[in-house]
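So you can see what is in the structure, the chains are spelled out below.
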Amino acid sequence: MKILFVGSLVSGESMEYLNSVSKKKASVAPVNYETMLIRGLSQAGAQVECLSIPPVAAYPGSRLMFMPDKMEKLDGRVDLHWLPFCNIQGLKQSSIERTVRKHLKNWLEENKTEPDKLVFLYSIYPPYAEPSIELCRAYNCHVSTVITDLPEYMYTWRGGNGLARKLNEMMRDRMMRIQDQCDSYVLFTEKMAERMGVEHKPFMVSEGFSDVSIFDNIEEMEKYPTKTVIYAGNLSRLYGIRALVDGFMQVQGEYELHLYGAGEDEEYIKNAAEKDKRIKFFGRVSRDEVLRALKRSHLIVINKPTADDYSNYSFSSKILECMASGTPVLTTHVGGMPQEYYDYFYFIDDETVSGIAQAIDAVMMKADELMEKGRMAREFAIQQKNYVTMTAKIAYFLNKQASKGQ
């Protein structure tokens, strides 16, 4: 099976560089997921090539006005072809669409006699999804896509005012117009299928991957001397950050709350840290530093509010990374989480500020069982959700679709 993957995959080194020259930092989560996905598909025997739109903010959010035509290798075996485009705000999307159309058409021409082939998209980002859907129909080539979050929420959660808000709404509307136009789907949650109107098309559910090897270079260290609660990720209300900070401030005890990441609530966190010296804000740091902190902490909190409809149709791949650390996780009962995970978490049943405080306090009092809970979660993630096992299932699914054509 030949797969042309279209997404944002770049090497870890390139990702660090792109963020170093940008005021607006791109999330590493999509690139981490794409890395495991492509690595696993290749190991499962698929012939994979990648067209990559590097994840970088448009100028002036980044210093880069133009993205180069560049080749990289993943694991020395998979070609990552950076597509060139103009990275200036207002020109970026149309530039990406033109270059994707050109390179995709070339690939389809070169492989038009290949019986088992498909185009595989990471999300339905319109500048590359629209030309992919159009050209695959013209060449009778199957097009499949990974959907990690509902398209209707992909841009509107960013908020913004005036022109920025209008542009986000336009992008959302473009995504929703094409969300049911692919031939098959790899969905993060089963609930997505009906919401997107694709329940009658071929789809499978794969909520993400665990890659325990990410901790291979993290030295073994003892837990922090002070019992520590950690949150690492997007620092915004969408992820319940203010409620977490306020809840922790109500907890009585010699604990610390460590927060890593960036987002709209950074100032709120800094102000809280001035009032409560147990709160430590580290901002955006290297991936290794976050992984080290996850292992050294006593409890990880993932506090997505369940009242937010978005959370009930999503599954955070960060959960599996946290499980692989061996540190226990306290989280909410988001609807997108499969029942099979429930035995491996502590849960916040009352999402009010006082309820979060009570949940943290109750869990941190269970000193004798915390380590065992974390160990069980790690074993589950390693054995049941490792990227090799999960991508083998995706490869089998895609192979069935490729052999059918459209």
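A brief structural summary. (Residues numbered from 1 in each chain as written. Predicted model: local features only at pLDDT ≥ 70, side-chain atom pairs only at ≥ 80, totals over all residues. Heavy atoms only, no water.)

## Focus on the overall build of the protein chain
To be explicit about the condition: A helix here means a DSSP run of H or I that spans at least four residues, while a strand means a run of E at least two residues long, and both kinds are numbered starting from the N terminus. Accessible area is worked out with a 1.4 Å probe on protein chains only. A residue is then buried under 20% of its type maximum, exposed over 50%, and partly exposed in between. Shrake-Rupley sampling with a 1.4 Å probe provides the accessible areas, and residues are treated as covered by the protein chains on show and by no other component.
Helices and strands together make up the secondary structure of the protein chain, namely 13 helices and 16 strands. For the protein chain, the spread of C-alpha atoms along the principal axes amounts to about 65 × 45 × 40 Å. Burial statistics for the protein chain: of 406 residues in total, 55% are counted as buried. Taken as a whole, the protein chain presents about 18,000 Å² of accessible surface, with 49% of it coming from carbon and sulfur.

## What about the nonpolar core?
Note that soluble globular proteins tend to have their nonpolar side chains buried in a common cluster. Basically, it comes down to this: As used in this record, nonpolar core signifies buried Ala, Val, Leu, Ile, Met, Phe, Trp, Tyr and Cys residues forming a set joined through side-chain atoms within 4.5 Å. Contact definition: two residues touch when any of their heavy atoms are within 4.5 Å.
Core analysis: the largest hydrophobic core is formed by 135 residues, its most contacted members being Leu37, Ile38, Leu41, Val119, Phe120 and Met323. With seven residues, helix H13 (residues 387–404) is the largest single contributor of residues to this core. Setting aside its immediate chain neighbours within four residues, Leu41 contacts Ile3, Ala46, Val48, Phe120, Thr391, Ile394, Ala395 and Leu398.

## Structural notes on the side chain of Arg174
By the element assignment, Arg174 lies in helix H5 (residues 162–178). Ignoring any residue separated from it by four or fewer positions in sequence, one finds Arg174 in contact with Gln93, Glu97, Pro126, Pro127 and Glu130.

## Some details on the packing of helix H2 (residues 29–43) against H13
The relative placement of two packed helices is expressed as an angle between their axes plus a distance between the axes. To keep things clear, this is the line we draw: Axes here refer to lines fitted to C-alpha atoms; in helices the fit is confined to the stretch in contact. Angles between the N-to-C directions go from 0 to 180 degrees. Working definition: roughly parallel below 35 degrees, roughly antiparallel above 145 degrees, roughly perpendicular at 65 to 115 degrees, and oblique for all remaining angles. For a crossing to be left-handed, the near helix must be turned anticlockwise from the far one by less than a right angle; the clockwise case is right-handed. Amino acid classes used here: Ala, Val, Leu, Ile, Met, Phe, Trp, Tyr, Cys and Pro are nonpolar; Asp, Glu, Lys and Arg are charged; the rest, including Gly, are polar.
Viewed as axis vectors pointing N to C, H2 and H13 meet at an angle of 70 degrees, and their least axial separation amounts to 8 Å. Between H2 and H13, the angle falls in the class roughly perpendicular. The two elements H2 and H13 cross, and the hand of that crossing is right-handed. Of the residues in H13, those in contact with Met36, Leu37, Arg39, Gly40, Leu41 and Gln43 of H2 are Tyr387, Val388, Thr391, Ile394, Ala395 and Leu398. A class-by-class count of the residues in the contact of H2 with H13 yields eight nonpolar, three polar and one charged.

## Considerations on the environment of Tyr125
Along the chain, Tyr125 turns up in the loop between strand E7 (117–122) and helix H4 (126–138). In the structure, Tyr125 is positioned 120 residues away from Phe5 in sequence and 13 Å away in space, judged by C-alpha atoms.

## Examining empty space enclosed by the protein
To keep things clear, this is the line we draw: Here the term cavity refers to a set of points on a 1 Å grid, laid over the protein atoms alone, in which a 1.4 Å probe fits but cannot get out; the term pocket refers to an open set having protein on both sides within 12 Å along at least five of seven lines, with lining residues being those that place an atom within 4 Å of a point. Grid points are joined across faces, edges and corners, and a volume is the space filled by probe spheres set on the points.
The tally for this structure, following the rule as stated, stands at two cavities of 30 Å³ or more. Considering only enclosed or pocket space, the largest cavity measures out at about 60 Å³ in volume. If you go around the largest cavity, the residues you meet are Ile302, Lys304, Ser314, Phe315, Ser316, Ile319, Thr331, Thr332, Val334, Gly336 and Met337. Split by residue class, the lining of the largest cavity holds five nonpolar, five polar and one charged. If you add up the space inside the second largest cavity, you get close to 50 Å³. Residue lining of the second largest cavity: Ser123, Ile124, Val146, Ile147, Thr148, Asp149, Pro151, Met154 and Met175, and that is the complete set. Each residue belonging to the lining of the second largest cavity can be placed in one class, and the counts come to six nonpolar, two polar and one charged.

## Observations regarding helix H12 (residues 367–384)
What counts is decided by this rule: In a helix, the anticipated span is given by 1.5 Å times the number of residues less one.
Taking 1.5 Å as the rise per residue, H12 with 18 residues should run 26 Å; its terminal C-alpha atoms sit 27 Å apart, in good agreement. Considering only its buried residues, H12 is in contact with helix H10 (318–324), strand E16 (346–348) and helix H11 (353–364).

## Some words on the environment of Glu340
Selection criterion: Under this definition, polar contacts are N or O atom pairs within 3.5 Å; protein pairs additionally need one hydrogen-donor-capable and one acceptor-capable atom, and for neighbouring residues in sequence, both atoms have to be side-chain atoms.
By the element assignment, Glu340 lies in the loop between strand E15 (329–332) and E16. Between the C-alpha atom of Glu340 and that of Lys223, which follows or precedes it by 117 residues, the distance is 28 Å. Here Lys385 takes part through its side chain, which lies 3.0 Å from a polar atom of the side chain of Glu340.

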